[in-house]
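# Descriptive analysis of the structure
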There are 2 protein chains.
Amino acid sequence: MSDHPLQSKSVENFLKAVYALQEGDDRVATNTLSDVLNKTAPSVTDMAQRLESAGLVDYQKYRGVVLTEAGREIALKVIRRHRLIELYLVRELGYQLHEVHGEAEDLEHAVSDRFVEAIAKKLGDPVIDPHGDPIPSADGTLLYRHLMPLSELEPGRGGVIAQLKTSDPEMLQHMLDRGFPLQGRVEVIARDPFQGPTMALVNGIQRVVGYHVAECILIETSP
Amino acid sequence: MSDHPLQSKSVENFLKAVYALQEGDDRVATNTLSDVLNKTAPSVTDMAQRLESAGLVDYQKYRGVVLTEAGREIALKVIRRHRLIELYLVRELGYQLHEVHGEAEDLEHAVSDRFVEAIAKKLGDPVIDPHGDPIPSADGTLLYRHLMPLSELEPGRGGVIAQLKTSDPEMLQHMLDRGFPLQGRVEVIARDPFQGPTMALVNGIQRVVGYHVAECILIETSP
DNA sequence: CGGTAGTGTTCGCTCATTCTAACATAAGAA
DNA sequence: TTCTTATGTTAGAATGAGCGAACACTACCG
Ligand SMILES: [Mn+2]
Ligand SMILES: [Mn+2]
Ligand SMILES: [Mn+2]
Ligand SMILES: [Mn+2]
């Protein structure tokens, strides 16, 4: 427990990464963060210690990190910014889907609350960003949906493409190239074994996509 | 002469400040920069030396600093960003005039070229920002206008309010409160001596404003 | 239980930014 | 011209952010 004001690009990115990796209550390993953030392990340990003493994470030597409530609040705020900015870029400034993540990754650390709420209002307080991720509300609430990876849908089952879960512009582009747009109606026809490709009908057209990509195409299933 | 990539908020703000203070060829004193940037003198000297060795300014011990061509290019680019952002905030996001400077001061360091050109296009490639400052074009050209401070206009003379030359939100608010909006048609009626107030007709209504504020209200004069 | 492979931390450095205190120079007054 | 004051620079230190090399734990295998 400390006071330190502590805020910066590095800190915000760190907290966001912890939030994203920390499913449930699991502690996040420093080396995992090292990979995700593209920083060396010593840098991550160092940041973990600084944020621990700032009260934003609970860090325990050799057993990783979890967000405190204060840390979680900041993470959600940054994620809200990120996703609203992405949507704004697509809707108001003509960005392509694959262009927005990089830009938002920087802008999220520079815009004021005033700015965020102005674009939120202009966009009509949206709840989903252009990749299909939920946008946290100003008070930190997230829309919950139970989504299944396309890679796990049995042949015969289907639904709507609800999320393209990647921030890699190349993969995103690939998904669209292969004919899997957000909101598309999809029905699985078949899947090869050994992590083979999935064949599916998307909006009535037959499409094929590899296993690892299909893992990142999330479906809101219908009976 | 060096290579260093060197780019950052501090550097960009420094170059912008030098640009603004450097009328003609005059060297800018480190202490002047110290005031404007709200940094101590040693910090400024230090930055001057680092930018000298990066080839962005010409710094001479005890005689201040001038931009090199490379430095000027960066300064103009940052100013373009700043002013386009200000205009965008007013036109598209409903900001008040006095709110935009602070926001732009941060955003100018975070937005990409892609972003700047997107908003420039959306705004119709404007040449004047919401304070009346000229917006440098992408290739660094500035609209030139010969403007006179209201404080120097003889009684009987007049013109159009072309620029409110302050970044202080309070002063800006004050100018508008006193009835001196951009584009207003103004005619000087009288002025008290000893740096006294100026009386003027603005859009037909009689107004009064103090000397120091009148110095910052720039007029495009008519015969 | 003991040993090793893999994980995670410390140590010691570097750079950018900023500050305070101490020192140096330049410019104008006498 | 010499002295004083105002202006400007160095010295020394701190903080945040990162890195590579060396060291320390854990966990799992036999
Ligand atoms: Mn994103
Ligand atoms: Mn970011
Ligand atoms: Mn401004
Ligand atoms: Mn700035």
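Residues numbered from 1 in each chain as written. Chains lettered and ligands numbered in written order. Predicted model: local features only at pLDDT ≥ 70, side-chain atom pairs only at ≥ 80, totals over all residues. Heavy atoms only, no water.

### Considerations on the coordination of the manganese ion (ligand 4)
Residues and elements named next belong to chain B. Where we set the bar: Only nitrogen, oxygen and sulfur atoms within 2.8 Å of the metal, or 3.2 Å for Na, K and Ca, are treated as donors, and water is left out, so sites may look incomplete. Strands are runs of DSSP state E lasting at least 2 residues, helices are runs of H or I lasting at least 4, and numbering of each runs from the N terminus. Burial here depends on accessible area, computed with a 1.4 Å probe over protein chains only, as a share of the maximum for the residue type. Under 20% is buried, over 50% is exposed, and the range in between is partly exposed.
The manganese ion (ligand 4) binds to the protein through Asn 13 (OD1), Glu 105 (O), Glu 105 (OE), Glu 108 (OE) and His 109 (NE2); the donor distances cover 2.0 to 2.3 Å. Motif for the manganese ion (ligand 4), donor spacing along one chain: N-x91-E-x2-E-H. Separated by 96 residues along the polypeptide, Asn 13 in helix 1 (residues 9-21) and His 109 in the loop between helix 5 (100-107) and helix 6 (113-122) bring together distant segments of the chain. The buried category is assigned to Asn 13, whose relative accessible area is 17%.

### Describing the protein's contact with DNA strand C
The condition is simple: To be near a molecule or strand, a residue needs just one of its heavy atoms within 4 Å of it. Here a polar contact is taken to be a pair of N or O atoms separated by no more than 3.5 Å, where protein atoms must pair a possible hydrogen donor with a possible acceptor and residues adjacent in sequence count only if both atoms sit in side chains.
As a structural note, the neighbourhood of DNA strand C is formed by 20 residues, with Asn31(A), Tyr59(A), Lys61(A), Ser8(B) and Arg50(B) the closest of them. A share of 82% is what sugar and phosphate atoms reach among the atoms of DNA strand C within 4 Å of the protein. Contact between DNA strand C and Thr30(A): a phosphate oxygen at 3.0 Å from a side-chain N or O atom of the residue. Here a phosphate oxygen of DNA strand C sits 3.0 Å away from a polar atom, N or O, in the main chain of Tyr62(A). If you list the elements that add at least two residues to the surface near DNA strand C, you get helix 2 (30-37) and helix 3 (41-53) of chain A together with helix 3 (41-53) of chain B. Counting residues per element, the surface near DNA strand C draws most heavily on helix 3 of chain B, which supplies 5 residues.

### Things to note about the domain arrangement of chain A
Residue and element names in this part refer to chain A. For clarity, the threshold we go by: Residue ranges for the domains trace back to a domain assignment, done automatically or taken from a database. Put simply, buried area is how much 1.4 Å-probe accessible surface two parts lose in total, over both of them, once they are put together. In what follows, salt bridge is the name for a side-chain nitrogen of Lys or Arg lying within 4 Å of a carboxyl oxygen of Asp or Glu. Polarity classes work like this: nonpolar for Ala, Val, Leu, Ile, Met, Phe, Trp, Tyr, Cys and Pro, charged for Asp, Glu, Lys and Arg, and polar for all others, with Gly in that last group.
Per the domain assignment, the segments making up chain A are domain 1 (9-67), domain 2 (77-143) and domain 3 (148-221). Placing a centre on the C-alpha atoms of domain 2 and another on those of domain 3 gives a separation of 25 Å. Together, the buried faces of domain 2 and domain 3 total about 730 Å²; carbon and sulfur atoms form 58% of this surface. Looking at the side of domain 2 facing domain 3, the largest losses of area belong to Leu 97, His 98 and His 131, adding up to 61% of the total buried there. Here domain 2 and domain 3 share 0 salt bridges between them. Counting every contact that joins domain 2 to domain 3 gives 3 residue pairs in polar contact (both at pLDDT 80 or more). Looking at the side of domain 2 that touches domain 3 residue by residue, the classes come out as 2 nonpolar, 4 polar and 1 charged.

### Describing the sheet that holds strand 8 (residues 217-222) of chain B
Residues and elements named next belong to chain B. Worth spelling out the cut-off: Two strands make a pair as long as DSSP finds a minimum of two bridges between them.
Read across the sheet, 6 strands follow the order 3-8-4-5-6-7 without closing on themselves; strand pairing throughout is antiparallel. With one partner strand each, in any of the chains shown, strand 3 (148-149) and strand 7 (205-209) form the two edges of the open sheet. Relative to strand 5 (residues 185-191), strand 4 (residues 158-164) runs antiparallel, the two being bridged by 3 bridges. Counterpart to Gly 159 in the pairing with strand 5 is Val 186.

### Focus on the relation of the copies chain A and chain B
Here is the rule: When the copies are superposed, the least-squares fit takes in the C-alpha atoms of residues with a pLDDT of at least 70 in both. Only heavy atoms enter the contact rule, under which two residues are in contact if any of them lie within 4.5 Å.
The transform that puts chain A on chain B rotates by 180° and translates by 0.0 Å along the axis, for an RMSD of 0.1 Å. Here the transformation between the copies is reduced to the relation of a two-fold axis. Taking C-alpha positions as reference, the residue of chain A nearest the rotation axis is Ala110(A), located at 3.3 Å. When the interface residues of chain A are mapped onto chain B, 100% of them again fall at the interface, so both copies present the same face.

### A few points about the packing of aromatic side chains
Convention followed: Ring geometry is summarised as follows: Phe, Tyr and Trp rings, the Trp one being its six-membered ring, pair when their centres sit within 6.5 Å, and such pairs are stacked at plane angles under 30 degrees, edge-to-face over 60 and tilted between the two. Placement of a charge over a ring requires the Lys NZ or Arg CZ to be within 6 Å of the ring centre, with the centre-to-atom vector within 35 degrees of the ring normal.
The full count for this structure, using the stated rule, is 0 aromatic pairs over all chains. The aromatic ring of Tyr95(B) is capped on one face by Arg114(A), whose charged end is 4.0 Å from the ring centroid.

### As for the interface of chain A and chain B
On the side of chain B, 19 residues touch chain A, which itself brings 19 residues to the contact. Summed over both partners, the interface of chain A with chain B buries about 1500 Å², with 52% contributed by carbon and sulfur atoms. For the chain A face of the interface with chain B, the top three residues by lost area are Leu93(A), Arg114(A) and Phe115(A), together amounting to 35%. Where chain A packs against chain B, one counts 4 salt bridges. When the shortest N-O distance is used, the salt bridge between Glu99(B) and Arg114(A) registers 2.9 Å. There are 11 residue pairs in polar contact (both at pLDDT 80 or more) connecting chain A and chain B.

### With respect to the pairing of strand 4 (residues 158-164) of chain A
Residue and element names in this part refer to chain A. With 7 of 7 residues buried, strand 4 is to be regarded as a mostly interior element. Pairing of strand 4 with strand 8 (residues 217-222) involves 6 bridges; the strand directions are antiparallel. By the bridge assignment for strand 8, Gly 158 is matched with Ser 222.

### As for the protein's contact with DNA strand D
Taken together, 19 residues form the shell around DNA strand D, and within it Ser8(A), Ser43(A), Arg50(A), Asn31(B) and Tyr59(B) come nearest. At the protein interface, 87% of the atoms of DNA strand D within 4 Å belong to sugar or phosphate. Ser8(A) has a polar side-chain atom sitting 2.6 Å from a phosphate oxygen of DNA strand D. Of all the secondary-structure elements, those providing two or more residues to the surface near DNA strand D are helix 3 of chain A together with helix 2 (30-37) and helix 3 of chain B. For the surface near DNA strand D, a count of residues per class yields 8 nonpolar, 8 polar and 3 charged.

### Looking at the packing of helix 1 (residues 9-21) of chain A against helix 2 of chain A
All names here are of chain A. Keep this limit in mind: Axes here mean lines fitted to C-alpha atoms, for a helix over just the part in contact, with angles spanning 0 to 180 degrees between N-to-C directions. Here is the rule for handedness: rotate from the far helix to the near one, and if that takes an anticlockwise turn smaller than a right angle the crossing is left-handed, while a clockwise turn gives right-handed.
Contact geometry of helix 1 with helix 2 gives a least axis separation of 10 Å together with a crossing angle of 115°. In this structure, helix 1 meets helix 2 at a crossing whose hand is right-handed. Packed against helix 1, whose contacting residues are Asn 13, Phe 14, Ala 17, Val 18 and Leu 21, the element helix 2 presents Thr 32, Leu 33, Val 36 and Leu 37 at the interface. Residue composition of the contact of helix 1 with helix 2, by class: 7 nonpolar, 2 polar and no charged.

### Details of the packing of helix 1 of chain A against helix 3 of chain A
All names here are of chain A. Here is the rule we go by: Orientation labels follow simple angle bins: below 35 degrees gives roughly parallel, above 145 gives roughly antiparallel, 65 to 115 gives roughly perpendicular, and whatever is left gives oblique.
Here helix 1 crosses helix 3 at 95°, and the two axes come no closer than 11 Å. Judged by the angle between their axes, helix 1 and helix 3 are roughly perpendicular. Residues Ser 10, Val 11, Phe 14 and Leu 15 of helix 1 touch helix 3, and the partners they reach there are Val 44, Met 47, Ala 48 and Leu 51.

### Thoughts on the pattern of salt bridges
Residues and elements named next belong to chain A. All chains considered together, the criterion is met by 24 salt bridges over all chains. The partner of Lys 9 in a salt bridge is Asp 106, with the nearest N and O atoms 2.7 Å apart. Taken together, the positions of Lys 9 in helix 1 and Asp 106 in helix 5 (residues 100-107) put the pair 97 residues apart, joining distant regions of the chain. Residue classification places Lys 9 among the partly exposed positions, given a relative accessible area of 44%.

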